[in-house]
Amino acid sequence: MSRATIRDVARLAAVSVKTVSRVLNKEPYVADGTRDRVSAAMRELSYRPNPAAQGLRRAASGSIAFVCEDISEPFAAQLALSIDRAVGNEYVVIVASMMGDPARERETIESLASGYADGIILGPTPGPKGYLARLPRGTALVCLDRPAPDVATDVVLSDNVGGMTDAVRHLVDAGHKRIAYLGDAPAVFTQQERLLGYRAALDAAGIAYDKELIYQHAPDDQRLKKHLSWLMQVREPPTAVVSANSLTTLSLVHAGFDVGRSNFIGFDDFPLADVLYGGINVIAQDADALGAEATHTLLRRMQDNAAPVRTTRLATKLVLRQTPGEPASADRVEP
Amino acid sequence: MKDIAAEVGVSVSAVSLVLNGRDAGRINPAVAHRIRSYADAFGYVPNQLARSLKSKQTQTIGLVSDRVATVPFSSHMLAGAQETAWRHGYLLMLVDTGGNDTVQTPAVQSLLQRNIDALIVAATYHRQVEIPQVPSTTPIAFLDGRPSTDERTVDYVVPDEEQGAFDAVQHLIDAGHRRIGFCTVSAYPIADRLRTRGYERALAAAGIRPDPSLMVAAEDASTRFAIAPARTLLDRPAEKRPTAVFCFGDQIAMGFYHVARALGLTIPSDLSIVGFDNQEFVAEALEPGLTTVQLPHRAMGEWAVERVLGRITAAPHQRHDPTGLRMHCPLVVRGSVSMPRDHS
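Residues numbered from 1 in each chain as written. Chains lettered and ligands numbered in written order. Predicted model: local features only at pLDDT ≥ 70, side-chain atom pairs only at ≥ 80, totals over all residues. Heavy atoms only, no water.

A word on the overall build of chain B
Along chain B, the regular secondary structure elements total 11 helices and 12 strands. Taking all 344 residues of chain B together, the buried fraction comes to 56%. Pairs at least 24 residues apart make up 69% of the contacts formed inside chain B by residues separated by at least 6 positions. Per element, the accessible surface of chain B, about 14900 Å² overall, is 51% carbon and sulfur. (Helix = DSSP H or I, 4+ residues; strand = E, 2+ residues; numbered from the N terminus. Buried < 20%, exposed > 50% of the residue type's maximum accessible area, 1.4 Å probe, protein only. Contact = heavy atoms within 4.5 Å. Areas by Shrake-Rupley, 256 points an atom, 1.4 Å probe, with all protein chains shown as cover.)

Overview of the domain arrangement of chain B
For chain B, the assigned domains read domain 1 (2-46), domain 2 (57-159 + 297-327) and domain 3 (161-295). On a C-alpha basis, the centres of domain 1 of chain B and domain 3 of chain B stand 62 Å from each other. (Domains from an automatic or database assignment.)

Overview of the side chain of Ser246 of chain A
All names here are of chain A. Along the chain, Ser246 turns up in helix 10 (residues 246-254). With relative accessibility at 13%, the residue Ser246 sits in the buried group. Discounting residues that sit within four places of it in the chain, Ser246 has contacts with Phe267, Asp268 and Phe270.

Regarding the packing of aromatic side chains
Residues and elements named next belong to chain B. Applying the stated rule across the entire model yields 8 aromatic pairs over all chains. With 4.6 Å between their ring centres and 85 degrees between their planes, Tyr125 and Tyr188 make a pair best called edge-to-face. With Tyr125 in strand 3 (residues 118-129) and Tyr188 in the loop between strand 6 (180-185) and helix 8 (189-205), this pair connects stretches of sequence that are 63 residues apart. You can call Tyr125 partly exposed: its relative accessible area is 31%. Among the aromatic residues, ring-to-ring pairing joins Phe182, Tyr199, Phe246 and Phe276 into one connected group. In this arrangement the basic side chain of Arg195 is found over the ring face of Phe248, its NZ or CZ atom lying 4.2 Å from the centre. Between the NZ or CZ atom of Arg195 and the centre of the ring of Phe276, over which it lies, the distance is 3.7 Å. (Phe/Tyr/Trp six-rings, centres within 6.5 Å; stacked < 30°, edge-to-face > 60°. Lys NZ or Arg CZ within 6 Å of the ring centre and 35° of its normal.)

Comments concerning the environment of Ala41 of chain A
Residue and element names in this part refer to chain A. Topologically, Ala41 is positioned in helix 3 (residues 32-44). Here Ala41 falls in the buried class, since its relative accessible area comes to 3%. Separated by 30 residues in the primary sequence, Ala41 and Arg11 have C-alpha atoms spaced 8.9 Å apart. Each residue touching Ala41, except ones within four places of it in the same chain, is listed here: Val9, Leu12 and Ala13.

Some thoughts on the sheet that holds strand 12 (residues 331-332) of chain B
Residue and element names in this part refer to chain B. Judged by pairing direction, the sheet is mixed, and its 6 strands sit side by side in the order 7-6-8-9-10-12 without closing on themselves. Two strands in the sheet have a free side with no partner beyond their single neighbour: strand 7 (215-218) and strand 12. Across the sheet, helix 7 (residues 161-174) is in contact with strand 6, strand 8 (244-247), strand 9 (272-277), strand 10 (291-294) and strand 12; its angle to strand 9 comes to roughly 165 degrees. Where helix 8 meets the sheet, its contacts fall on strand 6, strand 7, strand 8 and strand 9, and the angle it forms with strand 6 comes to roughly 170 degrees. (Pairing = 2+ DSSP bridges. Axes fitted to C-alpha atoms, helices over the stretch in contact; angles between N-to-C directions.)

Concerning the interface of chain A and chain B
In this complex, chain A contributes 34 residues to the contact, which on the side of chain B involves 36 residues. Both faces considered, chain A and chain B share a buried interface measuring about 2800 Å² in area, 62% of it formed by carbon and sulfur atoms. At the boundary of chain A and chain B, one finds 4 residue pairs in polar contact (both at pLDDT 80 or more). At the level of elements, helix 5 (74-87), strand 2 (92-97), helix 6 (102-116) and helix 10 of chain A are the ones that each hand at least two residues to the side of chain A that touches chain B. Of the residues belonging to the side of chain A that touches chain B, the class tally is 21 nonpolar, 8 polar and 5 charged. Pairing analysis gives 3 bridges linking strand 2 of chain A to strand 2 (residues 91-96) of chain B, with the strands arranged antiparallel. Looking at the pairing, Ile94 of chain A lines up with Val95 of chain B of strand 2 of chain B. (Buried area = accessible area lost by both parts, 1.4 Å probe. Polar contact = N/O pair within 3.5 Å; in protein donor to acceptor, adjacent residues only side chain to side chain. Nonpolar A, V, L, I, M, F, W, Y, C, P; charged D, E, K, R; others polar.)

Some details on the nonpolar core
Counting residues in hydrophobic clusters, the biggest one holds 93 residues, and the most contacted among them are Met164, Val168, Tyr198 and Val242 of chain A together with Phe246, Phe256 and Ile273 of chain B. When residues of this core are assigned to their parent elements, the largest contribution, 7 residues, is made by helix 10 (residues 250-262) of chain B. Phe246 of chain B has contacts with Ala165, Ala168, Val169, Leu172, Gly181, Phe182, Cys183, Arg195, Val274, Gly275 and Phe276 of chain B, leaving out every residue within four places of it along the chain. Listed in part, the 48 residues of the second largest apolar core include Ile71 and Ala287 of chain A together with Ala85 and Val308 of chain B. (Core = buried A, V, L, I, M, F, W, Y, C linked by side-chain atoms within 4.5 Å.)

Quick notes on unusual backbone geometry
Residue Pro268 of chain B is bonded to the preceding Ile267 of chain B through a cis peptide linkage, with omega at 5 degrees. Tracing the backbone shows Pro268 of chain B in the loop between helix 10 and strand 9. With an omega of -5 degrees, the peptide bond between Glu287 of chain B and Pro288 of chain B qualifies as cis. Locating Pro288 of chain B in the fold gives a position in the loop between strand 9 and strand 10. Phi angles above zero are rare outside glycine, and Asp145 of chain A is one such case at about 85 degrees. Position of Asp145 of chain A relative to the elements: it lies in the loop between strand 4 (140-144) and strand 5 (154-158). We classify Asp145 of chain A as buried; its relative accessible area is 14%.

Concerning the pattern of salt bridges
Residues and elements named next belong to chain A. If you walk through the whole model with that rule in mind, you get 22 salt bridges over all chains. Between Arg146 and Glu69 there is a salt bridge, with its nearest N and O atoms 3.5 Å apart. Separated by 77 residues along the polypeptide, Arg146 in the loop between strand 4 and strand 5 and Glu69 in the loop between strand 1 (63-68) and helix 5 bring together distant segments of the chain. Connected through shared salt-bridge partners, Glu69, Asp145 and Arg146 make up one network. (Salt bridge = Lys/Arg side-chain N within 4 Å of Asp/Glu carboxyl O.)

Brief notes about the packing of helix 1 (residues 6-13) of chain A against helix 2 (residues 17-24) of chain A
Residue and element names in this part refer to chain A. The N-to-C vectors of helix 1 and helix 2 enclose an angle of 105 degrees; their axes lie 8 Å apart at closest approach. On the basis of the axis angle, helix 1 is roughly perpendicular to helix 2. Along its contact with helix 1, which presents Ile6, Arg7, Val9 and Ala10, the element helix 2 presents Val17, Val20, Ser21 and Leu24. Grouping the amino acids of the contact of helix 1 with helix 2 by side-chain chemistry returns 6 nonpolar, 1 polar and 1 charged. (Parallel < 35°, antiparallel > 145°, perpendicular 65-115°, else oblique.)

As for helix 9 (residues 221-231) of chain A
All names here are of chain A. Listed as buried for helix 9 are Leu224, His227, Leu228 and Leu231. Along the long axis of helix 9, the arc covered by the buried residues comes to 105 degrees, so they all point the same way. Exposed and oriented more than 90 degrees from the buried face of helix 9 are Gln222 and Lys226. Contacts made by the buried residues of helix 9 are with strand 6 (179-183), strand 7 (214-216) and helix 10. Looking at where helix 9 begins, the residue whose side-chain oxygen comes 3.2 Å from the main-chain nitrogen of Gln222 is Asp220. (Arc of directions from axis to C-beta.)

Structure follows, in structure tokens:
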């Protein structure tokens, strides 16, 4: 049987659709007896209002904001697309890029929360976010990709630890013991998690963690290039490389490093990674699932702002586009 | 409001009362009527800029796009717009319609509700765009699109497709080629027409008679659509085959690389190729690197924002007439062009 509509409820309670709507929206001017009759009809039909459609009626704002670091990055764009799909046509999704600036982020969120957006999906910049707890009542907020460090909100993110563990385990299974880790600045939440995943895989294989193989800096082609040549001169050079985000992978490409090889795996898939350099091995985050889950979490939060907060971690997928060969020699890692 | 007050000869606070609907019993109805008609004539909309200054709201530029955010290809346009807005203390608020035209109106409305100070309408590729209904006081610019009606009514910036194509073909002519093929893409009619014109004009300028058998079309711009037209153009005896091909896009060029390789043709000695787009990680990742024409997306994004900001800050009489700018598309030389074999 198809899902009960507001019309079915109105018919059963012998009232107008408008009256059902008034009851749903807890508006005044409904006689108590009528209200009870409508509620009974809803129970009988197991009627649940469509949250998105409700937003449409509350058209004062009708928008959801996605506040991200930089929408011109492919991953953020994929998230925006999946959020857009998940909200359907009932909401307009407004996107703003904070470019890593916490002051701009605060100004933007406070402005959005003052009535311009019913809900906010935020990929927070690093740093304290105490003000998020003091937003006007009724502004729903979900953190996506990483939590706000000091505020309890719903969070939707990838299983960063598990994803990196899978990748490093794969390289260890292929015979590698010296695996270089190249990542973004350690202040970035996802980078901390991914380094944990790297360590977990080494621990599990009984391989000692060597700080010498760890590089954590904001993407900088020149700096990375120097680091790569330096890596080749250490006493026991690495035979495999993992990159902890797509910006570092792209920075590797710019530095002249051949990322299309079986002893390289990068966190994050990106456009054309399947065809470039004969295909690049990646740990793919499920942008569609992340965006959809964040949206559904937000819509739930908009329905019930008192529900306990929760963190949802979504699985990543190891996508191997290069067939593993023999354990590589040191010179194969050289740019 | 000052302009209206001066024009009607009343105080600014009288204008404010009338325009905020609080004039009843305070202002003479005849005066109120005059204030309202002047306000209409000035295209005055209740006070967005002033209101946002008063409440210290973030100053914002709204950007409505048809999938720009979701097509990685155009990300430089956004990056250019975003960074320029940022530098001037503005935040760019983006609404992506996902290419669904029916969403454009709610999208624009939701941005206007945010008291945006200006609106940019961006398209993912050079095409005609409807001018959305916005208050006449909100500056508006089109990015990678041209207005579907009168070209002079709105600022817009598009790539100079014809110049880019002309330069690409001229580059091949300069290398000594005379039998130059062209693979266009029919899914993009404006760019198709202008790039074809650039190709034909460059040939004509060099006194080369265009050979229709050297012109082919792919249905769409991704690599798989290029395979069949590339075979048509390349799988023929050497004397009938072009020595060089100008491709509508870099991914089309990638298809030509595949087919050339399959036919045992070496790039560039057997076949020179020039692309269009300078798409990140395609043009530079091909072997040899693809000589191509840069779509100046970043500069276009920067220009659109500079343009609307200029309108926000300039007094009405100082504002320039709307301009349609064709942004220069520079040639990026890599390794896919050499002299033709029969020339050396």
